[in-house]
Amino acid sequence: MSTQTDVDDAMMSLKAAISAYVAVNGNGYNLAMWIVNQVRQSDPSIARALDSGVTRFVAEAPDRRSFATIG
């Protein structure tokens, strides 16, 4: 397995967790903020990317490609 494939697998797990949380009427906004904060804490370069507007790009142009095809 490659790193890109590992990222794709982790994203599938994240999508399943989000679906499960929302299915029980969990607050999507609170979940999104928690996820962003967890990602922000994971790595300083990722935190800088989030601070520089990468979330705006994601919100405006959803990218459904797997990470392995772009990473």
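As shown above, the structure is provided for reference.
Just so we're clear, the structure is a prediction, and the values are computed from it rather than from any experiment. Throughout this document, residue positions are counted from 1 along each chain, in the order its sequence is written. Local features in this predicted model are restricted to residues of pLDDT 70 or higher, and side-chain atom pairs are both shown and tallied only at a pLDDT of 80 or more, whereas totals for entire chains, interfaces and linings draw on every residue. Only hydrogens and water are set aside; all other atoms, that is, all heavy atoms of the structure, feed into the side-chain values.

(A) The overall build of the protein, seen in detail. Numbering goes from the N terminus for both helices and strands, where a helix is a DSSP run of H or I of at least four residues and a strand is a run of E of at least two. Secondary structure assignment for the protein yields 5 helices and 0 strands. Summary of the burial criterion: residues with accessible area below 20% of their type's maximum are buried, those above 50% are exposed, and those between are partly exposed, where the area comes from a 1.4 Å probe applied to protein chains only. Counting across all 71 residues of the protein, residues that qualify as buried make up 7%. With an accessible surface of roughly 5,700 Å², the protein has 60% of that area assigned to carbon and sulfur atoms. All accessible-area figures derive from a Shrake-Rupley calculation using a 1.4 Å probe, and residue coverage is judged against the displayed protein chains alone.

(B) A look at helix α1 (residues 3-23). Here the expected length of a helix is defined as 1.5 Å per residue gap, with one fewer gap than residues. In this model α1 runs 30 Å from its N-terminal to its C-terminal C-alpha over 21 residues, within 8% of the 30 Å that 1.5 Å per residue would give. In the segment just after α1, Asn25 is the residue with positive phi, at about 60°.

(C) Local environment of helix α2 (residues 28-42). The end-to-end C-alpha separation of α2 is 21 Å, in line with the 21 Å expected for 15 residues at 1.5 Å each. Structurally, the start of α2 carries an N-cap: the backbone nitrogen of Tyr29 is 2.9 Å from a side-chain oxygen of Asn27. In the analysis that follows, any N or O atom pair within 3.5 Å is treated as a polar contact, provided that within protein one partner can donate a hydrogen and the other can accept it, and provided that, for residues neighboring in sequence, both atoms belong to side chains.

(D) Just the packing of α2 against helix α3 (residues 44-51), in detail. Angles here are taken between N-to-C directions and fall from 0 to 180 degrees, while the axes themselves are lines fitted to C-alpha atoms, restricted in helices to the stretch in contact. For the pair α2 and α3, the least separation of the axes is 5 Å and the interaxial angle reads 130°. With respect to each other, α2 and α3 are oriented oblique. For the pair α2 and α3, the contacting residues are Val36, Val39, Arg40 and Ser42 in the first and Ile46, Ala47, Leu50 and Asp51 in the second. Class assignment for the residues of the contact of α2 with α3 results in 5 nonpolar, 1 polar and 2 charged. Should an angle lie under 35 degrees it is considered roughly parallel, over 145 roughly antiparallel, and from 65 to 115 roughly perpendicular; all remaining angles are considered oblique. A contact between two residues is defined here by any heavy atoms of the two lying within 4.5 Å. Only Asp, Glu, Lys and Arg are considered charged in this grouping, and only Ala, Val, Leu, Ile, Met, Phe, Trp, Tyr, Cys and Pro are considered nonpolar; every other residue, Gly among them, is considered polar.

(E) Quick look at the pattern of salt bridges. Each salt bridge in this description consists of a side-chain nitrogen of Lys or Arg and a carboxyl oxygen of Asp or Glu lying within 4 Å of one another. All told, the structure shown has 1 salt bridge when counted by the stated rule. For Arg40, the salt bridge is made with Asp51, and the minimal N-O distance between the two is 2.3 Å. A residue pair is termed long-range when its members are at least 10 positions apart, and Arg40 in helix α2 and Asp51 in helix α3 qualify at 11 residues. In this structure Arg40 comes out as partly exposed when scored by relative accessible area, which is 29%. Under the relative-accessibility criterion, Asp51 is labelled exposed at 57%.

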